[in-house]
Amino acid sequence: SGEVEKALAGHTTQGAHGVNYHHPSAGKEGATFYMPCKSLLGEGALVGAVNQVKALGQTKALIVTDAVLVKVGAVKALTDVLDG
């Protein structure tokens, strides 16, 4: 079993959807979407994060960004690592 699954074993959000779980709406407050996160910081963090995601068997990524991150090359750095 993976590290994320071990960390969430027995967590109340676990159900038919696996790691991520949509909770029913509470009145008119909208729905809750629980998605655990892990932050890697410092030199080598980008490569380390991509390697960890690939180790989970993931093959696609959704990149949400803005024009500034594209302009400064941050998005290209990410896509280069993802493609490599």
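This next bit is on the pattern of salt bridges. On inspection of all chains with the given rule, the structure shows one salt bridge. The residue Lys76 makes a salt bridge to Asp80 at a minimum N-O spacing of 2.9 Å. Separated by four residues within a single helix, Lys76 and Asp80 lie in helix H4 (residues 74-83), roughly one turn from each other.

Across the chain, pLDDT averages 77, with 63% of residues at or above 70. In this model, residues 16-20 is a region of pLDDT below 50 whose contacts with residues beyond four sequence positions or in other chains number 12 contacts.

With respect to the element layout, Lys54 can be found in helix H2 (residues 45-55). Classification of Lys54 as partly exposed rests on a relative accessible area of 38%. When near neighbours in sequence (up to four residues on either side) are disregarded, Lys54 contacts Val81, Leu82 and Gly84.

Right, let's get into the packing of H2 against H4. As a packed pair, H2 and H4 sit with axes 10 Å apart at the nearest point and diverge in direction by 40°. Here H2 lies oblique to H4, going by the angle between them. Where H2 crosses over H4, the handedness of that crossing is right-handed. Contacts from Leu46, Val47, Val50 and Lys54 of H2 reach H4 at Ala77, Leu78, Val81 and Leu82. Tallied by class, residues from the contact of H2 with H4 come to seven nonpolar, no polar and one charged.

Rules used throughout
- Residues numbered from 1 in each chain as written.
- Predicted model: local features only at pLDDT ≥ 70, side-chain atom pairs only at ≥ 80, totals over all residues.
- Heavy atoms only, no water.
- Salt bridge = Lys/Arg side-chain N within 4 Å of Asp/Glu carboxyl O.
- Helix = DSSP H or I, 4+ residues; strand = E, 2+ residues; numbered from the N terminus.
- pLDDT = per-residue confidence, 0-100.
- Contact = heavy atoms within 4.5 Å.
- Buried < 20%, exposed > 50% of the residue type's maximum accessible area, 1.4 Å probe, protein only.
- Axes fitted to C-alpha atoms, helices over the stretch in contact; angles between N-to-C directions.
- Parallel < 35°, antiparallel > 145°, perpendicular 65-115°, else oblique.
- Left-handed = near helix turned anticlockwise from the far one by under 90°.
- Nonpolar A, V, L, I, M, F, W, Y, C, P; charged D, E, K, R; others polar.

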